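Chain by chain, the residues run as shown.
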Amino acid sequence: MPFSNSSDLSPSFILASIPGLEAAQAWMAIPLCSAYVLAVTGNCAVLLVVRAEPSLHAPMYFFLCMLAAIDLALATATVPRILSFYWFGSSEIGFGACLLQMFLIHTLSAIESTVLLAMAVDRYVAICHPLRHAAVLTNAATARIGLLAVARGVLFFLPLPLLLLPLPFCGSRVLSHSFCLHQDVMNLACANTTPSVVYGLTAILLVMGLDAVLICLSYILILKAVLHLAAWRERLKVFSTCIAHICVVLAFYVPLIGLSVVHRFGKDLAPLVHIIMGNIYILVPAVLNPIIYGVRTKQIQRRILSL
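Residues numbered from 1 in each chain as written. Predicted model: local features only at pLDDT ≥ 70, side-chain atom pairs only at ≥ 80, totals over all residues. Heavy atoms only, no water.

With an unreviewed UniProt entry as reference, the chain is termed Olfactory receptor, source organism Daphoenositta chrysoptera.

**Focus on the overall build of the chain**
Rule in force here: Strands here mean DSSP runs of E at least two residues long; helices mean DSSP runs of H or I at least four residues long; both are numbered from the N terminus. All accessibility values rest on the Shrake-Rupley procedure with a 1.4 Å probe; residue burial counts only the protein chains present in the view.
When its secondary structure is counted, the chain shows twelve helices and two strands. When the elements of the chain are put in sequence order from the N terminus, they spell out β-α-α-β-α-α-α-α-α-α-α-α-α-α. Across its three principal directions, the C-alpha atoms of the chain cover 70 × 40 × 35 Å. Surface summary for the chain: the accessible area is close to 15100 Å², and the carbon and sulfur share equals 72%.

**A look at the state of the cysteines**
Inclusion rule: Put simply, a disulfide is two cysteine sulfurs that come within 2.5 Å. Categorising residues by exposure relies on relative accessible area from a 1.4 Å probe, with only protein chains included: less than 20% of the type maximum marks a residue as buried, more than 50% marks it as exposed, and the intermediate range marks it as partly exposed.
Tallying each qualifying case throughout the model produces two disulfides. Two residues, cysteine 98 and cysteine 180, share a disulfide whose sulfurs are 2.0 Å apart. Between cysteine 98 and cysteine 180 the disulfide shows an S-S torsion of about -120 degrees. By sign, it is left-handed. In this pair, cysteine 98 sits in helix H3 (residues 95-128) while cysteine 180 sits in the loop between helix H6 (159-164) and helix H7 (182-186), placing the two residues 82 residues apart along the sequence. The class for cysteine 180 is buried, based on a relative accessible area of 0%. Across the disulfide from cysteine 170 sits cysteine 190; the S-S distance is 2.0 Å. On the criterion of sequence distance, the pair formed by cysteine 170 in the loop between H6 and H7 and cysteine 190 in the loop between H7 and helix H8 (194-227) is long-range, its members being 20 residues apart.

**Some thoughts on the nonpolar core**
What counts here: Grouping buried Ala, Val, Leu, Ile, Met, Phe, Trp, Tyr and Cys residues that are joined through side-chain atoms within 4.5 Å yields what is termed a nonpolar core. Two residues form a contact once any of their heavy atoms are found within 4.5 Å.
Within the largest apolar cluster, 80 residues are counted, with the highest numbers of intra-cluster contacts made by Phe13 and Leu116. The residues touching phenylalanine 13, leaving out its near neighbours within four places in the chain, are Ser91, Glu92, Ile93, Phe95, Cys98, Phe169, Arg173, Leu175, Val185 and Leu188.

**Quick notes on a nonpolar patch on the surface**
Put simply, the test is: Surface patches are defined over residues having more than 30% relative accessible area and no salt bridge, joining like charges when they lie within 9 Å and nonpolar side chains (Val, Leu, Ile, Met, Phe, Trp, Tyr) when within 5 Å. Criterion for a salt bridge: a side-chain nitrogen of Lys or Arg within 4 Å of a carboxyl oxygen of Asp or Glu.
Together, Trp27, Ile30, Trp87 and Phe88 make up a nonpolar patch on the protein surface, roughly 530 Å² of accessible area in all. Sorting the residues of the nonpolar patch by element identifies helix H1 (25-52) and helix H2 (59-88) as the ones contributing at least two each. Position of tryptophan 87 among the secondary structure elements: in helix H2. On the accessibility criterion, tryptophan 87 (36% relative accessible area) is partly exposed.

Written out as structure tokens, the structure is:
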């Protein structure tokens, strides 16, 4: 769907529709809406339960509340706009709105990655240095980590929309997804995007890449400590406290890596693959995180059942 070759000061973009199913998009949006409602309900339930249950007022569950808030913000920044497109046909998104959505997606993802790293460190200290856990991870330290995660995400990813602001967009402005991502918008510019490419890759490696390496290192140290325990039953009991966090890490990083691979090597893939991977990246962590911790935490189960 090409636009005129003359760039304007405030270009707009066209969100990607489901190829071959444009007439049925209203029906295709129902599963997406259902997943969004489930994500909002589950994460709000986690926030309410942790707030109401004194036994959950601990760093691990404060971090879980941060994850729930991030997932709510990330889903709300994208899914309502996608639904308005699918149901009401408003496929055009303004340049400013696109940059804002792009900034929120990347920043919130960076904050979530930092919080997941903090949860891994919490598990490491609790298992390898249990006597120091209460002194190291206090409520004040948890709050400082949350503020640091927000500052880190904003500082690293604020330059992304700023680098795109001066670029001209003079060719096709049809996006690969139903929302705005940096790689997607950058590829539509008809100018040299090397600074944007270099900075975007550097930011991803220094935030998500570094966090993934440190999370793996934390679990290597945890495994080393667990294997020093004498009884297998004791080993399983100790390591079972990490299972929920491992599942949440996989739910975040697997879609992130899959979306990155699709953008890097999937130029010849069907457009439907890009749309599906994008929706998975946005919604899977938001839907799965409260379910995972709801299944693994008896206090959350009891409180939700009582509600």
